[in-house]
Amino acid sequence: MLVVRELTKVFGGVRAVDDLSFNVKSGTIHSIIGPNGAGKTTLINMITGIYKVTSGEIYLKKEGVSSGDDIEEIVHGKRENITNKPIHSLVHKGVCRTFQHLEICSSMSALENILLGFHRFLNKNFFLSCINSKKIKEDEKRYKDEALELLKLFGLEGIADKEAGSLPYGVLKKLEIIRALATKPRLILLDEPVAGLNPKETAEISSIIREVADSGISIILVEHDMKMVMQISDEITVVNFGKKIASGTPKEVANNEEVIKAYLGTKHER
Ligand SMILES: Nc1ncnc2c1ncn2[C@@H]1O[C@H](COP(=O)(O)OP(=O)(O)OP(=O)(O)O)[C@@H](O)[C@H]1O
Ligand SMILES: [Mg+2]
């Protein structure tokens, strides 16, 4: 689904991400872990076009293309170079994200926040909207129904009309994921989706993330909760000081000496 090649981001003298390469397979959960300041959010910011890359490339599988050998796919044009593409154009290609720090419109209702995610499907042609207002109304009703369905999936059907600003932190973390799902992504990047949540909320979000991946959506997960990462990841890439120090299955990574060394003395569970 995604190929990241020799990606580097330099801020002044800091190499926040340093020559990082990895591939994300379709319909899998690929976690990126590493100590605080390792470059995880910077990596997500580059993939989602928020930061310009210093060097390197990012490729996304084109829609409707079946998987095969990675290099062959690039050569045969089955992947698109999305390096430095802005986030709004990536959303149209099926890439979306959540943020480490909540990005929710607190004066809007929970439902309205989710409907923002459906924005990309709304008809932007003013004249067409005028002559076909019935269709617009039907679309709006459909998106509202879909948003309510998503709320139900997360056990939050009761909060649709509540003002987001009045909702607890744990609910808002879920709302961010729901809004991302509303864009009907092929690839979703989650930056610390369970940070600050209690074990029950963490377990709920974990099982939903697993279900989402099993439905065919690829997931890049950045998370400090090692228990969750080890339980739900298909593959893990470990970074330290911007560099990849290990990659593999949860078992392979957990037994890697470099990984154990990088984590010793660091506060990796919040
Ligand atoms: N906009 C920026 N300007 C300058 N330096 C930055 C910027 N963003 C990140 N950095 C630096 O890049 C490095 C990596 O930061 P980043 O936020 O990507 O780490 P992280 O792995 O997400 O950490 P955490 O687990 O604490 O969220 C840090 O040294 C940070 O100070
Ligand atoms: Mg971060």
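Rules of the game
- Residues numbered from 1 in each chain as written.
- Chains lettered and ligands numbered in written order.
- Predicted model: local features only at pLDDT ≥ 70, side-chain atom pairs only at ≥ 80, totals over all residues.
- Heavy atoms only, no water.
- Near = heavy atom within 4 Å.
- Polar contact = N/O pair within 3.5 Å; in protein donor to acceptor, adjacent residues only side chain to side chain.
- Areas by Shrake-Rupley, 256 points an atom, 1.4 Å probe, with all protein chains shown as cover.
- Helix = DSSP H or I, 4+ residues; strand = E, 2+ residues; numbered from the N terminus.
- Donors = N, O, S within 2.8 Å, 3.2 Å for Na, K, Ca; no water.
- Buried < 20%, exposed > 50% of the residue type's maximum accessible area, 1.4 Å probe, protein only.
- Phe/Tyr/Trp six-rings, centres within 6.5 Å; stacked < 30°, edge-to-face > 60°.
- Core = buried A, V, L, I, M, F, W, Y, C linked by side-chain atoms within 4.5 Å.
- Contact = heavy atoms within 4.5 Å.
- Pairing = 2+ DSSP bridges.
- Axes fitted to C-alpha atoms, helices over the stretch in contact; angles between N-to-C directions.
- Expected span 1.5 Å × (residues − 1).

Q: Before we move on, can you summarise the site of ligand 1 with the specific residues and values?
A: Around ligand 1, the surrounding shell holds 15 residues, and the nearest of these are Gly37, Lys40, Thr41, Thr42 and His224. For ligand 1, an oxygen atom lies 2.8 Å from a polar atom in the backbone of Gly37. Here an oxygen atom of ligand 1 and a side-chain polar atom of Thr41 are 2.8 Å apart. Protein contacts shield 64% of the accessible area of ligand 1, which totals 640 Å² for the unbound molecule. For the shell around ligand 1, the secondary-structure elements that each account for two or more residues are strand E2 (14–24) and helix H1 (40–47).

Q: Give me the coordination of the magnesium ion (ligand 2): which residues, what numbers.
A: Looking at the magnesium ion (ligand 2), one finds its protein donor set to be Thr41 (OG1) and Gln100 (OE1), positioned 2.0 to 2.3 Å from the metal centre. Of this pair, Thr41 sits in helix H1 while Gln100 sits in the loop between strand E6 (95–97) and helix H4 (110–117), placing them 59 residues apart in sequence. Relative accessible area serves as the criterion here: at 24%, Thr41 is assigned to the partly exposed category.

Q: Quick rundown of the packing of aromatic side chains? Include the residues and the values.
A: Summed over all chains, the structure comprises 2 aromatic pairs. With a centroid separation of 5.4 Å and 80° between ring planes, the pair formed by Phe11 and Tyr51 is classed as edge-to-face. With Phe11 in strand E1 (residues 2–11) and Tyr51 in the loop between H1 and strand E4 (55–61), the pair connects residues that are 40 residues apart, well separated along the chain. What makes Phe11 partly exposed here is its relative accessible area of 35%. For Tyr51, a relative accessible area of 30% corresponds to the partly exposed category. Taking 5.0 Å as the distance between ring centres and 25° as the angle between the ring planes, the aromatic pair formed by Phe118 and Tyr143 counts as stacked. Remark: Tyr143 occurs in helix H6 (residues 133–153) and Phe118 occurs in the loop between H4 and helix H5 (126–131); sequence separation between them is 25 residues.

Q: A description of the nonpolar core should follow, citing residues and the corresponding values.
A: The nonpolar side chains of a soluble globular protein tend to be buried, and buried together. In this structure, Ile114, Leu151, Leu175, Ile188, Ile209, Ile219 and Leu221 are the most contacted members of the largest nonpolar core, which totals 39 residues. Elements with a contribution of two residues or more to this core: H4, H6, helix H7 (169–182), strand E7 (187–191), helix H8 (199–214), strand E8 (218–222) and helix H9 (226–232). No other element matches H7, which puts 8 residues into this core. Not counting residues within four places of it along the chain, the set of residues in contact with Leu175 comprises Ile104, Ala110, Asn113, Ile114, Leu151, Ala164 and Leu167. With 25 residues, the next largest nonpolar core counts Leu7, Val17, Leu20 and Met46 among its residues.

Q: Break down the sheet that holds E4 for me, with residues and values.
A: In space, the 4 strands of this open sheet follow the order E2-E1-E4-E5, with antiparallel pairing throughout. This sheet does not close on itself; its edge strands, each paired only once, are E2 and strand E5 (79–81). Going from strand to strand, the sheet's axes swing by 25° on average, the running direction of each strand aside. The pairing of E1 with E4 spans 5 bridges and is antiparallel.

Q: Can you break down the side chain of Ser206 residue by residue, with the values?
A: Its location among the elements puts Ser206 in helix H8. In contact with Ser206, other than residues within four places in its own chain, are Met228 and Ile232.

Q: Explain the environment of Arg15 to me, using residue names and the numbers behind them.
A: Following the sequence through the fold, Arg15 ends up in strand E2. The partly exposed category is assigned to Arg15, whose relative accessible area is 43%. Considered as a pair, Arg15 and Ala38 are 23 residues apart in the sequence and their alpha carbons are 9.8 Å apart. A polar atom in the side chain of Arg15 sits 3.1 Å from the side chain of Asp18.

Q: Can you lay out H8 for me, pointing to particular residues and giving the numbers?
A: For H8, which comprises 16 residues, the first-to-last C-alpha distance of 22 Å matches the rise-based estimate of 22 Å (1.5 Å per residue) to within 8%. Within H8, burial applies to Thr202, Ile205, Ser206, Ile208, Ile209, Val212 and Ala213. Here H8 starts with a cap whose side-chain oxygen sits 3.1 Å from the backbone nitrogen of Lys200, and that cap is Asn198. Gly216 lies just past H8 and shows a positive phi near 110°.

Q: Which residues make up the sheet that holds strand E9 (residues 235–240), and what values do they have?
A: One key point about sheets: their strands pair by backbone hydrogen bonds, in either a parallel or an antiparallel sense. Here we have 6 strands laid out as an open sheet, ordered E6-E7-E8-E3-E9-E10, and mixed in their pairing. Here the strands that pair on one side only, and so sit at the sheet edges, are E6 and strand E10 (243–248). Neighbouring strand axes in the sheet, compared pairwise and without regard to direction, differ in orientation by 15° on average. Looking at chain direction, E6 and E7 are connected through 3 bridges and run parallel.

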